[in-house]
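Examination of the molecular architecture
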Amino acid sequence: MLYLTIIYIHVLSTILSIGPFFVLFPVLKKMEKTSNMDMFRAYAHAFQSGITVVKHAGHVLIIFGLLAMWLGPYKWDTPWILTTMILLVASVVYLTRAFKPTMRMLDTPQFQKEKFIRNLRRGAIIYTILLCIMLWLMVTKPILW
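The paragraphs below set out a description of the structure included in this document. Quantities reported herein were computed from a predicted structural model and do not represent experimental measurements. (Residues numbered from 1 in each chain as written. Predicted model: local features only at pLDDT ≥ 70, side-chain atom pairs only at ≥ 80, totals over all residues. Heavy atoms only, no water.)

**A short note on the overall build of the protein**
- Scanning the protein for helices and strands turns up five helices and zero strands.
- Reading the protein from its N terminus to its C terminus gives the helix and strand order α-α-α-α-α.
- The principal-axis extents of the C-alpha atoms in the protein amount to approximately 55 × 30 × 20 Å.
- Per-residue burial over the protein gives 37% buried out of 145 residues.
- The contacts in the protein between residues at least 6 apart in sequence include a share of 79% that link residues at least 24 apart.
- Element-wise, carbon and sulfur atoms account for 71% of the exposed surface of the protein, whose accessible area totals about 9000 Å².
- One finds the centroid of the 15 positive side-chain charges in the protein at a distance of 4 Å from the centroid of its 5 negative side-chain charges. (Helix = DSSP H or I, 4+ residues; strand = E, 2+ residues; numbered from the N terminus. Buried < 20%, exposed > 50% of the residue type's maximum accessible area, 1.4 Å probe, protein only. Contact = heavy atoms within 4.5 Å. Areas by Shrake-Rupley, 256 points an atom, 1.4 Å probe, with all protein chains shown as cover. Lys, Arg positive; Asp, Glu negative; His and termini not counted. Charge placed at Lys NZ, Arg CZ, Asp CG, Glu CD.)

As structure tokens, then:
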């Protein structure tokens, strides 16, 4: 029962670490269309809030994923688990480097609206792809080697 609860929390945290990005794409669209800088800042704040949810859900995801590995039937050296772990480290590094520097540009002399939105969109797309690959690995458990 404990293992199933851990898996359930792991799956919920997966949803919370991927889901916000599908809401953030429309926010980026609204950022493109607005000429009001106050509205733009509000959209940027909403985007940052979504990233914060993803970040904290990722912490829960990692903790409960490790617990599931410890208590579960799979070995640590299983190929799909190792691949997921490598992608996980890459995604954590990418998350910190993809959004924080861009968000810091807001309200600085170097701020360029188009570049700001383009960087956020590119970061969101790449991060979503990384997360979906990890999700695929966890669900399908492919034999990689």
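**Quick notes on helix α5 (residues 113-140)**
- For α5, with 28 residues, the first-to-last C-alpha span of 40 Å sits near the 40 Å given by 1.5 Å per residue.
- Those residues of α5 not exposed but buried are Phe 116, Ile 117, Asn 119, Leu 120, Gly 123, Ala 124, Tyr 127, Thr 128, Leu 130, Leu 131, Met 134 and Leu 137.
- On its buried side, α5 packs onto α1 (2-33), α2 (37-71), α3 (79-98) and α4 (100-104).
- Where α5 ends, the next residue or the one after it, Lys 141, has phi of about 50°, a positive value. (Expected span 1.5 Å × (residues − 1).)

**Remarks on the nonpolar core**
- Among the nonpolar cores identified, the biggest contains 31 residues, and Phe 21, Met 31, Phe 47, Ile 51, Phe 99, Phe 116 and Leu 120 are the most heavily contacted of them.
- Looking at this core, the elements with two or more residues in it are α1, α2, α3 and α5.
- Take this core: its biggest share by element is nine residues, from α5.
- Setting aside anything within four residues of it in sequence, one finds Leu 120 in contact with Leu 28, Met 31, Phe 47, Phe 99, Thr 102 and Met 103. (Core = buried A, V, L, I, M, F, W, Y, C linked by side-chain atoms within 4.5 Å.)

**Thoughts on unusual backbone geometry**
- If you check the backbone angles, Asp 107 has positive phi at about 65° while not being a glycine.
- Relative to the helices and strands, Asp 107 resides in the loop between α4 and α5.
- A residue is classified by how much of its surface remains accessible, and Asp 107, at 49% relative accessible area, is partly exposed.
- Residue Lys 141 is not a glycine yet carries a positive backbone phi of 50°.
- With respect to the secondary-structure elements, Lys 141 resides in the segment after α5.
- For Lys 141, a relative accessible area of 31% gives the class partly exposed.

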